[in-house]
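# Breakdown of the fold
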Amino acid sequence: MQNDLGVEPPRAERPEEPSRVDGGRRGALKVLVALGGAAYAGAIVVPAVTMLAPSSEGGVGAARWMRVCRLADLTEGEPRRVVVVGDERDAYTVTKDQQLGSIWLTKKGDAVSALSAVCPHLGCSIDLNGDKKSFSCPCHTSRFSLVGAAEAGPSPRGMDPLAVRVVDGHVEVDFKLFRQGIAERKEVG
């Protein structure tokens, strides 16, 4: 097709097809974006699943055995206060080697009994009396026998007993905390 001057107008050049190099770059970019998206989704999904999945640790009622001392460290028939140290779990955090509380241990032969040192009345710390024949709570004058029975004062029940076992010469206690101020023994989660 010629114009009036008889000169053929310049033809618009056809755009070149994208080279294979550009297609390769786009493909690689798509793969990288997909991998980044998958990594981001994993970073959100994995913690969410761990938060929502039931804990294998167990809750109320599950045994939580803690090594508290050597059997040889206990004197026959004499109560001894022992501090319980372990991992403190609070919602989604775990703090290692925390003082969780204290207990009273009494050895009779190869058997050991354990009583919580927390007063069932309002949670004060129970002490051994000077005569070593009874326990007392200094806050509200509750008194308990050496086996933990309530003898006097406002405590609604006796001292809370804990399960004990001796493993390889070490005393282990199933450490639990109980609700205060009520007559029945209810474990606190």
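In this text the structure is predicted, and so the values were computed from the model without any measurement.

## Looking at the sheet that holds strand β3 (residues 93–108)
The antiparallel open sheet is built from four strands, whose spatial order is β2-β3-β4-β9. Two strands bound the open sheet, and with one partner strand each, they are β2 (80–90) and β9 (161–162). As defined by bridge partners, β3 adjoins strand β4 (residues 111–116) across six bridges and the pair is classed as antiparallel. Among the inter-strand pairings, L105 is bridged to a residue of β4, identified as A114.

## Thoughts on the pairing of β3
In terms of strand pairing, β2 meets β3 through 10 bridges, oriented antiparallel. Residue D90 lies in a different strand from β3, and its bridge partner there is T93. With antiparallel pairing between neighbouring strands as the criterion, β2 and β3 make up a hairpin whose turn holds two residues, including A91 at a positive phi of roughly 55°.

## A look at the environment of A149
Along the chain, the position of A149 falls in the loop between β7 (143–145) and β8 (150–152). Along the chain, A149 and M159 lie 10 residues apart, while their C-alpha atoms are 6.4 Å from each other. Residues within four places of A149 in sequence aside, it is in contact with R143, F144 and G158.

## Quick notes on the layout of surface pockets
Counted as a void, the second largest pocket has a volume near 160 Å³. Every residue along the wall of the second largest pocket is listed here: G77, P79, T106, K108, A111, V112, S113, L115, L146 and V147. Of all the elements in the fold, those that place two or more residues in the lining of the second largest pocket are β3 and β4. A total of four residues in the lining of the second largest pocket trace back to one element, the largest contributor, which is β4. By residue class, the composition of the lining of the second largest pocket is six nonpolar, three polar and one charged.

## Observations regarding the state of the cysteines
All chains considered together, the criterion is met by one disulfide. For C124, the disulfide goes to C139, at an S-S distance of 2.1 Å. Given an S-S torsion of about -110°, the disulfide between C124 and C139 has left-handed geometry. Within this pair, whereas C124 is found in the loop between β4 and β5 (127–128), its partner C139 is found in the loop between β6 (134–136) and β7, the two being separated by 15 residues in sequence.

Criteria and cut-off values
- Residues numbered from 1 in each chain as written.
- Predicted model: local features only at pLDDT ≥ 70, side-chain atom pairs only at ≥ 80, totals over all residues.
- Heavy atoms only, no water.
- Pairing = 2+ DSSP bridges.
- Helix = DSSP H or I, 4+ residues; strand = E, 2+ residues; numbered from the N terminus.
- Contact = heavy atoms within 4.5 Å.
- 1 Å grid on protein atoms, 1.4 Å probe; cavity = no way out; pocket = protein on both sides within 12 Å on 5 of 7 lines; lining within 4 Å.
- Points joined across faces, edges and corners; volume = space filled by probe spheres on them.
- Nonpolar A, V, L, I, M, F, W, Y, C, P; charged D, E, K, R; others polar.
- Disulfide = S-S within 2.5 Å.

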